[in-house]
Amino acid sequence: MNDTYVIPQYVLDDIEQHATDVERFLAGELSNDLFKAKRVPRGIYEQRQDGLFMVRIRVAGGFLWASQAEKIAELSNQYANGRVHVTTRQDIQFHAVDIKDTYPIMKGLLEVGLTPAGGGGNTVRNVTACSYSGICNEEIFDTYPYALAVTNYLLPFGSSYNLPRKFKIAFSGCGKDCALAGVNDLGFQAVIKDGKKGFKVYVAGGLGTRSRTAELFREFVPAEDTLRIVEAVKRIFIKHGDRRNRHRARLRFVIDRLGVTEFFAQLENELQQVTIAEIPNAEPVEVSTKPTMPPKTSNEQKEIIGYDKWFNNAVISQRQEGYFSAQVLLNRGDLTGDELNQLAALSKKYAGAQLRTDRLQNFVIPFIPKEYLQGLYVDLKDLPADLTCSESSEALLVSCKGAATCRLGLCRAQDLNEAIGRLAHEAGLDPSIFKGIEIHASGCPNNCGQHSIAPLGFYGAVRRENGRSYPCYSVVVGGKVGDDGPRLSEVMGQIPARNVPQFTTELLKGFVQSKNSAFISYWNSGGKELASKLIDKYNVMPNYEQSPKFYKDWGSVEDFSLAGRGPGECGAGIFELIAQELKKAEEAFAAAERAQNNDIGRNKQLLDVVIIGAGALLVTKGIEPGKPDVALKGFEQHFIDQELAEETHRDLLITARLAIRGNQQLMEDQGVAVREFLDKVQELYDTMDASFNFPRQSEEDTANKQSSDKEVDLRGVKCPMNFVHAKIALEELEKGGILEVILDEGEPIDNVPASFRSQGQEVISIKREDENAYRVSVRRVS
């Protein structure tokens, strides 16, 4: 077996360190926060269910050997829930893993040349490529070997796991941009100029709460300069990425802050610094495209029901004469470990013992001789799950895991897609319609389902009706990638989650009736108007007594709740919900201001302001306000009692509690107090950080004035002596003390912070000191 990528010594050492960290964590010797900071860059996330974890495996370019797939299946059955999930970045995820089992999973993956390193956190994420790299008839040249070369170049550096935020790289083989080079932090699109291989280079794109298409940096860069481009962009990111504000830390915010002209100028300067002597040429890694084929069984072609339809929808001819590739459609991007094992076996029986993952959350089996296609179809059809999925609409819909497992999710996107597929089937829509229109759903605004490049997409949100939260989705349309560049989708409106399947089915019926061959043509010739009407039609929310199911998410029997949801990079949905509640409160206050002083309606409006304002921030404490009393008492307990809000606001809350018991006239003279209270809630919201923490009144003046206890300048001191000196200096401080270390760029800044982390110390920040050095702040933990 050829390795797909090389596991460097840095990762091997970190895996052993992980075993120690797990032991210390379980023994109570390592805090949860510090353990989280260590495990997330290793690709290990805590799930919504306490005590269970997700492990994300790096699958560079989406390429897997059958033997690797078999090991993944084995580990899933042994240590996870017996299922695997294919992501939109071509990774594979395990779910429901006990933390003690993460180390044996890592060791098991090593046996077949795989690792979860860099699967999460502020790291270089999986480098993606077109799933048909090397076999597509339309590609300019095979880009997978370059994706592999970049992976091998970046994995050994400690700095690749300590960036300002995540850093995503993609390689596309032609202008169709199947790998989404145009919406990645760094994208390469294959071109040939004067007979020479090279790339169009795109920078500073990305999908998220504030998506951005990438800027074209150069029309042509020789292929051998690929690693120099990667290194230069990475250095720009390290220099200018905002480590203090996670919501503004991605590379796309750097280019917005500097401006395209200045960003490009600095990138050109970095490229001049990255000399040939320092960064090697990108030598494409040799990957066998002539697999040893299995012995032939039969050349006889038979009449098989369903085969022709499958062949026309799932099979393409390869550039290698006589070979074909088949797409294996997965419902929800999921399959069991046993099914993956069977799929690997079929790839050995009928093809070249290779599998590919694609961004639409499916598998591809390449290198199938034509005479083997019928046999493969029959065996896929005979599997318990029928992996041909020829009659399934759901298999053609894209979604992230959402709130079913993700601690950061708002809605259950996979269950939404299941409901859409089921209703479309009941409405008589042919599943093939979904081949002509990609539909993507994300469980929150952060785009893990890639809704921003979807012709039709949805992302999860939260609203409240009479104090009860309910799930809803923002509807987005018009996204695309392709020869004339990417275009981001636009938000059309929001509708309750329960109405999304009906909305989608009616919109698709209009698409079918229009007889347009492409959804974008339909959109421009009446589809947009229909969508607007349907949003108005379905943007209705009954009260709980009328229809309790509207307050339950798809796939859930419980009333909708944000319980189990944690803070983190996907906190945008919580921010959005709070902003909506504060907007309601401001509207109620404006209505009260317009009313006469003795107007009964004015008193009610003022009371509503207090109730809404008091409940707005309780979601950060995991509390559903529900009844007014809960909101009022909750604010007292979590904000006034904790000295986050002044004691003077307590009198207003007590008055409001009396008012809701039937004496709203008590609010008549409370206009000024209500205004001050609402201003305080807004202030708390404005000062809340990405982890939903608030500065205490007594700490506000010192929150951003944390000073160091000692400084050592180690410029000119080489590895490993620089770490020895820094370690001695840190040990001279008490626990909690802060050391400032000045280090040269290159190996010192790559290695010393990583060494501190591996010993359990907290690296607070890394900032540029001058053109050649960095300042590192380290807090002594142990």
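The notes below deal with the structure included here.

Calculation notes
Residues numbered from 1 in each chain as written. Predicted model: local features only at pLDDT ≥ 70, side-chain atom pairs only at ≥ 80, totals over all residues. Heavy atoms only, no water. Pairing = 2+ DSSP bridges. Helix = DSSP H or I, 4+ residues; strand = E, 2+ residues; numbered from the N terminus. Contact = heavy atoms within 4.5 Å. Axes fitted to C-alpha atoms, helices over the stretch in contact; angles between N-to-C directions. Salt bridge = Lys/Arg side-chain N within 4 Å of Asp/Glu carboxyl O. Buried < 20%, exposed > 50% of the residue type's maximum accessible area, 1.4 Å probe, protein only. Expected span 1.5 Å × (residues − 1). Bend = angle between axes of the 7 residues up to and from the residue. Core = buried A, V, L, I, M, F, W, Y, C linked by side-chain atoms within 4.5 Å.

## Let's talk about the sheet that holds strand S9 (residues 196–203)
Sheets are built from strands that pair by backbone hydrogen bonding, the pairs being arranged parallel or antiparallel. The strand order across the open sheet formed by five strands is S6-S7-S8-S9-S10, and the pairing between neighbours is mixed. Each end of this open sheet is capped by a strand with a single partner; those strands are strand S6 (128–129) and strand S10 (215–222). Against the sheet, helix H5 (residues 144–154) touches S6, strand S7 (169–172) and S9, its axis set at about 160° to S7. Packed on one face of the sheet, helix H6 (residues 226–240) meets S7, strand S8 (186–193), S9 and S10 and runs near 155° to S8.

## What to know about the pattern of salt bridges
Inspection of the entire model under this criterion finds 53 salt bridges. In this structure, Glu 636 and Arg 657 form a salt bridge, with 2.3 Å as the shortest nitrogen-oxygen distance. A residue pair is termed long-range when its members are at least 10 positions apart, and Glu 636 in helix H17 (residues 628–640) and Arg 657 in helix H18 (residues 649–659) qualify at 21 residues.

## Examining the pairing of strand S14 (residues 354–357)
On a regular strand, one side chain projects to one face of the sheet and the next to the other, so that they alternate. Here S14 shows a buried face lined by Gln 354 and Arg 356 and a second buried face lined by Leu 355 and Thr 357. Strand direction decides the pairing type here: strand S3 (residues 63–65) and S14, joined by three bridges, are antiparallel. Bridged to Phe 63 within S14 is Arg 356. Pairing between S14 and strand S15 (residues 363–369): two bridges, direction antiparallel. Among the inter-strand pairings, Thr 357 is bridged to a residue of S15, identified as Phe 363. Counted along the chain from S14 to the antiparallel partner S15, the turn is five residues long, and its residue Gln 361 has a positive phi close to 70°.

## Here's the deal with the pairing of strand S19 (residues 468–477)
A large share of S19 lies buried, amounting to nine of its ten residues. Relative to S19, strand S18 (residues 456–465) is paired through ten bridges, and the arrangement is antiparallel. Paired with Gly 457 across the bridge in S19 is Val 476. Linking S18 back to S19 in an antiparallel pair, the connection comprises two residues, with Asn 466 at a positive phi of about 55°.

## With respect to helix H14 (residues 519–538)
Taking 1.5 Å of rise per residue, the 20 residues of H14 would be expected to cover 28 Å, yet its terminal C-alpha atoms sit only 21 Å apart, more than 12% below that figure. At Gly 526, H14 is deflected by roughly 70°, the largest bend along its length. The set of residues buried in H14 consists of Phe 519, Tyr 522, Trp 523, Gly 527, Ala 531, Leu 534, Ile 535 and Tyr 538. In this structure, the buried side of H14 is in contact with S19, strand S20 (490–496) and helix H13 (500–514).

## Looking at the nonpolar core
Core analysis: the largest hydrophobic core is formed by 81 residues, its most contacted members being Leu 456, Phe 458, Val 475, Phe 503, Val 610, Phe 635 and Phe 639. With eight residues, the top contributor of residues to this core is helix H15 (residues 572–594). Contacts of Phe 503, omitting those with residues within four sequence positions, involve Leu 456, Phe 458, Val 475, Ile 495, Ala 531, Leu 534, Ile 535 and Tyr 538. With 66 residues, the next largest nonpolar core counts Phe 53, Leu 75, Tyr 79 and Tyr 161 among its residues.

## Notes on the environment of Lys 71
Topologically, Lys 71 is positioned in helix H3 (residues 66–79). Take Lys 71: its relative accessible area is 12%, and that puts it in the buried class. When the C-alpha atoms of Lys 71 and Leu 110 are compared, they prove to be 10.0 Å apart, with 39 residues separating the residues in sequence.

## Focus on unusual backbone geometry
Its identity as a non-glycine residue notwithstanding, Asp 194 has a phi of 55°, on the positive side. On the secondary structure map, Asp 194 appears in the loop between S8 and S9.

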